Amino acid sequence: MISQFKNCFWKCSAGAVAAMTALVLPVLLGFTSLGVEVGHWYLGLRQMQGAADAAAISAAAQYIADYPTNPSSLTYQTVGVNYAATNGYTIPTANVCLVSASGSDNCGTVRSLDSRPIICSTGPCVVVEITQNTATWLSTQLSLEPGTTGRIVQAIPKPTLTARAIVRAVSQTVSTTKQGTDCILALANDAAAVLVHGNGDLQANCGVAIDGGLDQNASGTAVGGMTFNGSPSAVHISNLVVSSSSTNCPGAHCFLYNPATSKLPAANVFTNTATPDPYASQVAVLFATAPPAGVQTGGVAIKTAGSGYTGSGTCTFTVTGGTYYTTSGSPAKFTAKISGGKVTNPLTVTDPGAYTTFPTSPVSATSSCAGSGATFTLTQGCFTWNGTAIAGRKYCSINLNGAGTTNFPAGSYWIAGGDSGCVGFCVSSNNATVTSEAAGVTFFLTNGDGTNSLGTNSYAHVAITSGTISLCAPGTSSGTTCTTTNFGSGCTATTSTSCLLFVQNPAATTSTADGNPSSTNNTFDGNGTRTLSGLIYLPKQTFAEAGNGPIQGCVGIIAKYVDIGGTPLFSNGCLPGNGIGGTTTTVTSWGSPFLYQ
Amino acid sequence: MRMIRQLHRNSDGSVAVETAIFTPIFLVMMLGITDLGAGMFVRMQANAAAQAGATYAVLNSSTPVCTTLTSTCLAGIEQAMNDASGNSSFCSSAVCTASIGECADGSPKCIIVTANYPYAPILSDAVYSWASTQNYSSTITLRIQ
């Protein structure tokens, strides 16, 4: 029987398929399992990567939220762990780390789990690492996988799957603007930077700021403050901001603007606080360029008489040549007498022109009387006020000392040094009425440079002693005319002179005390109504207001000294940009997350 | 009796018999593996689609397109999911959903994108429980604020 079995074992082919199947099937199943398992790995990797991306973006969102107030917060790690769990994976806190903007990181654990470099060329980056040990997966637990070492068959390997997400927080700059609430800024480092005296009542539907000693004079002890002289003197204001450590408000003279009978509360008074001059840079640009050059009064001489000029009366000549002063420039014009076809006698300069490059002699001119060949020599200098305002011109002074109405066309007026009749902008007649066009005017107060002016050391200032005045700066009128009833409630800064009414050269002679020397005193006095809309900028001199007539309108003041003897009424409505006391804070933070890897 | 003995000894046709026995077993195994692979492929498709939809929403979350879940945003998310799945009608066959709003943990804004794709195996559901007719779903939840 045994011998028969031996013979058959080697010779019989019966059951060969079953035997072969028994031998090959485990191998086939092994490879099949490997294929299934590898597919499972890739599926797992895919899911892990999605979860890592989601966790990293979520953690980055938390980091961005924390950064402005608590940049060292580690809450982002908790969020990363939570959102990894939400997407199906449990990871330890150390698997969420940060590469900071400086390049330092807390990613030691992440590196130990995954040898790939952490790519974050520009921090901050949030990194999330998810790992999975495949040894615990279903197919690796089947019988085909050896459980211990020493087995021959190593059918299915057990890699640790890793997925990493790096999310970079994109840098962004956020500017926060706080609108200023002040409309008066005194720059002197003097306890009497704002002096209210006599029956003076400074009424301001806004705040008063006094900055001496902090922003303007950083090296000195800040003493800038407000002084009252006379028992009726008072202020009715919204708040007071001073650079000194103490001030006279709250006190017997200090009231709220509204209700006017209420004392100014201590909460509305701020000491040891700087208020920078918000217009310094804007104005510096305006004076960085020389004023327009024009022909001074009487500054035309005949060089050659020419020929062929018709008539025997007066002809108008328009100068050719030169470069006009920006867009407001235009040629100079003058009149001359004609006799025998020749120019015999220049009469009057009717328009001084406005040039960047003044026409060089000999100067030709086109004539209203035909003819040709006449040439002239022009003398550059300020133009003496003749009663007719031409925008864009440089005047020695604007002296409104007579009765009648003077209307200023919109534009800029340069007043250079003053002259013997008026050192700057003067209104001295009770019957004078001064108005401007709705598009607004700006008066530049600067020093003289020609023979008609008081010279380079003389700076124009304002001397209003009477009259009815209604002037508006560009951007401050809401109507078609610039009158009391048409002043707007705001000013949009769109041009270099927007909202600026009187602007004095920051190089002007400095007031060493309130109104001292007198040439530095800018008076806005009188019994007439002075309605001004815009900013009066006198950073080195004194703004003085007195008289029974009020100043009204949307007017703001920046001056070294502010002297109040009347009842001016100020509001903040027409100040452009941040107003006075406003701030713009720029904060660099981190914005929308960017998926990096 | 003799005939029975001959039947035992005769090996003619044994291969055919064995093949007939093992072929169904192999077929069930092979089709099962095919179904398993197809299932994995569907799960990968759903996962890739959900990730792509979420990525689209994140990248456009700071623009008006996806500040909230506008129809334009939803259309963009679905397009991204179709592209990622390699199936231009993926979101027609599947249920693609998205939401942009407050997170479950109270954080201001979360994006949740889900792809829910139907899967039907070749073999009957009774053969393998792990390759039965079902919907494979993948959801990505992330916080952006």
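Residues numbered from 1 in each chain as written. Chains lettered and ligands numbered in written order. Predicted model: local features only at pLDDT ≥ 70, side-chain atom pairs only at ≥ 80, totals over all residues.

**Concerning the overall build of chain A**
Definition in use: Secondary structure elements are defined from DSSP: runs of H or I of at least 4 residues count as helices, runs of E of at least 2 residues count as strands, and each element is numbered from the N terminus. Working definition of burial: number of other C-beta atoms within 10 Å of the residue's own, with buried at 20 or more, exposed at 12 or fewer, and partly exposed in between, all C-beta atoms being placed from the backbone.
Helices and strands together make up the secondary structure of chain A, namely five helices and 37 strands. A burial count over chain A gives 49% of its 597 residues as buried.

**Some points on the overall build of chain B**
Counting secondary structure elements, chain B contains four helices and three strands. Here chain B, with 145 residues, has 35% of them falling under the buried criterion.

**A look at helix 2 (residues 14-59) of chain B**
What counts here: The span you would expect from a helix comes to 1.5 Å times its residue count less one. Note that bend, as reported per residue, equals the angle between axes fitted to the 7 residues terminating at that residue and the 7 residues originating from it.
When the terminal C-alpha atoms of helix 2 of chain B are compared, their 66 Å separation across 46 residues agrees well with the 68 Å that a helix rising 1.5 Å per residue should span. At B:F22, helix 2 of chain B shows its maximal kink, close to 30°; a proline, B:P24, follows between one and four residues later.

**A closer look at the interface of chain B and chain A**
As a reminder of what qualifies: Throughout, a pair of residues is in contact if the C-beta atoms placed from their backbones lie within 7 Å. Note that Gly is not counted as nonpolar here; it falls among the polar residues with everything else outside the nonpolar set of Ala, Val, Leu, Ile, Met, Phe, Trp, Tyr, Cys and Pro and the charged set of Asp, Glu, Lys and Arg.
Taken residue by residue, the interface counts 26 residues in chain B and 24 residues in chain A. Among the elements of the structure, helix 2 and strand 3 (134-143) of chain B are those that each provide at least two residues to the side of chain B that touches chain A. Looking at the side of chain B that touches chain A element by element, the count peaks at 17 residues for helix 2 of chain B. Residues that form the side of chain B that touches chain A fall into these classes: 13 nonpolar, nine polar and four charged.

**Side note on unusual backbone geometry**
Residue and element names in this part refer to chain A. Cis geometry is found at the peptide bond from G123 to P124, where omega equals 0°. As for its position among the elements, P124 is in the loop between helix 4 (108-113) and strand 2 (125-133). A positive phi angle is found at C499, which is not glycine, with a value near 75°. Here C499 is to be found in the loop between strand 30 (481-482) and strand 31 (500-504).

**Observations concerning the nonpolar core**
Rules: As used here, a nonpolar core is made of buried Ala, Val, Leu, Ile, Met, Phe, Trp, Tyr and Cys residues. They are joined through C-beta atoms within 7 Å.
Membership of the largest hydrophobic core comes to 100 residues, with the highest contact counts inside it found for A:I184, A:A186, A:I415, A:L535 and A:Y537. When residues no more than four places from it in sequence are discounted, the contact partners of A:I184 are A:A204, A:V208, A:A209, A:G556, A:I557, A:V562 and A:F570.

**Some words on the environment of B:R43**
All names here are of chain B. On the secondary structure map, R43 appears in helix 2. On the neighbour-count criterion, R43 (21 C-beta atoms within 10 Å) is buried. R43 sits 72 residues away from A115 along the chain, and the two C-alpha atoms are 9.5 Å apart.

**Here's the deal with the environment of A:T375**
Residues and elements named next belong to chain A. Looking at the secondary structure, you find T375 in strand 20 (residues 370-380). Look at T375 and you get partly exposed, because 15 C-beta atoms sit within 10 Å. Taking the C-alpha atoms as reference points, T375 and P362, 13 residues apart in sequence, are found 5.6 Å from one another. Here T375 is in contact with K303, T304, P362, V363 and S364, once residues within four sequence places are set aside.

**Points about the pairing of strand 17 (residues 342-351) of chain A**
Residue and element names in this part refer to chain A. Under the convention used in this document: For two strands to pair, DSSP has to find at least two bridges joining them.
Examined bridge by bridge, strand 16 (residues 333-339) and strand 17 share six bridges and lie antiparallel to one another. Looking across to strand 17, one finds that A336 is bridged to P346. Counting the residues between successive antiparallel strands, the hairpin from strand 16 to strand 17 contains two residues, one of them, G340, with a positive phi of roughly 60°.

**What to know about the packing of helix 2 of chain B against helix 3 (residues 71-85) of chain B**
All names here are of chain B. Put simply, the rule reads: Under this scheme, a helix contributes an axis fitted over its contacting stretch, all axes are lines through C-alpha atoms, and angles between N-to-C directions fall in the 0 to 180 degree range. In a left-handed crossing the near helix is turned counterclockwise from the far helix by less than a right angle, and in a right-handed crossing that turn is clockwise.
Direction vectors running N to C along helix 2 and helix 3 enclose 140°, while the axes themselves pass 7 Å from each other. Helix-helix and strand crossings are classified by hand; for helix 2 and helix 3 the assignment is right-handed. Residues Q45, A48, A49, Q51, A52, G53, Y56 and A57 of helix 2 lie in contact with helix 3, whose contacting residues are C73, G76, I77, A80, M81, D83, A84 and S85. When grouped by side-chain class, the residues that make up the contact of helix 2 with helix 3 number 10 nonpolar, five polar and one charged.

**Some details on the sheet that holds strand 11 (residues 254-256) of chain A**
Across a sheet, paired strands are connected by hydrogen bonds in the backbone, their directions being either parallel or antiparallel. Residue and element names in this part refer to chain A. Within the open sheet, the four strands sit side by side as 11-9-6-36. Their pairing is parallel. Taken across any chain shown, the strands that pair with only one partner, and hence form the sheet edges, are strand 11 and strand 36 (569-571). The average angle at which neighbouring strand axes cross in this sheet is 20°, direction not considered. In terms of strand pairing, strand 6 (residues 201-205) meets strand 36 through three bridges, oriented parallel. For A204, the partnering residue across the bridge sits in strand 36 and is F570.

**Structural notes on the sheet that holds strand 3 of chain B**
All names here are of chain B. Across the sheet, which stays open at both edges, the three strands sit in the order 1-2-3 with antiparallel pairing between neighbours. Of all the strands in the sheet, the pair left with one neighbour each is strand 1 (95-101) and strand 3. On average, each strand axis in the sheet is tilted by 10° relative to the strand beside it, whichever way the strands run. Bridging between strand 1 and strand 2 (residues 110-119) involves seven bridges; their strand directions are antiparallel. Each bridged residue has a counterpart across the sheet, and for S99 the counterpart in strand 2 is I112. Contacts from helix 2 reach strand 1, strand 2 and strand 3 within the one sheet, and its direction differs from that of strand 2 by about 155°.

**Description of the confidence of the model for chain B**
Where the model shows low pLDDT, its predicted coordinates should not be examined in detail. Put simply, the test is: Confidence of the predictor in every single residue is expressed as pLDDT, which spans 0 to 100.
In this model, chain B carries a mean pLDDT of 88, and residues with pLDDT of at least 70 account for 99%. As scored by the predictor, the complex reaches a pTM of 0.64 and an ipTM of 0.88.

**Looking at the environment of B:A50**
Along the chain, B:A50 turns up in helix 2. Taking the C-alpha atoms as reference points, B:A50 and B:E78, separated by 28 residues in sequence, lie 9.3 Å from one another. Ignoring any residue separated from it by four or fewer positions in sequence, one finds B:A50 in contact with A:G50, B:V113, B:T114, B:A115, B:S138, B:T139 and B:I140.

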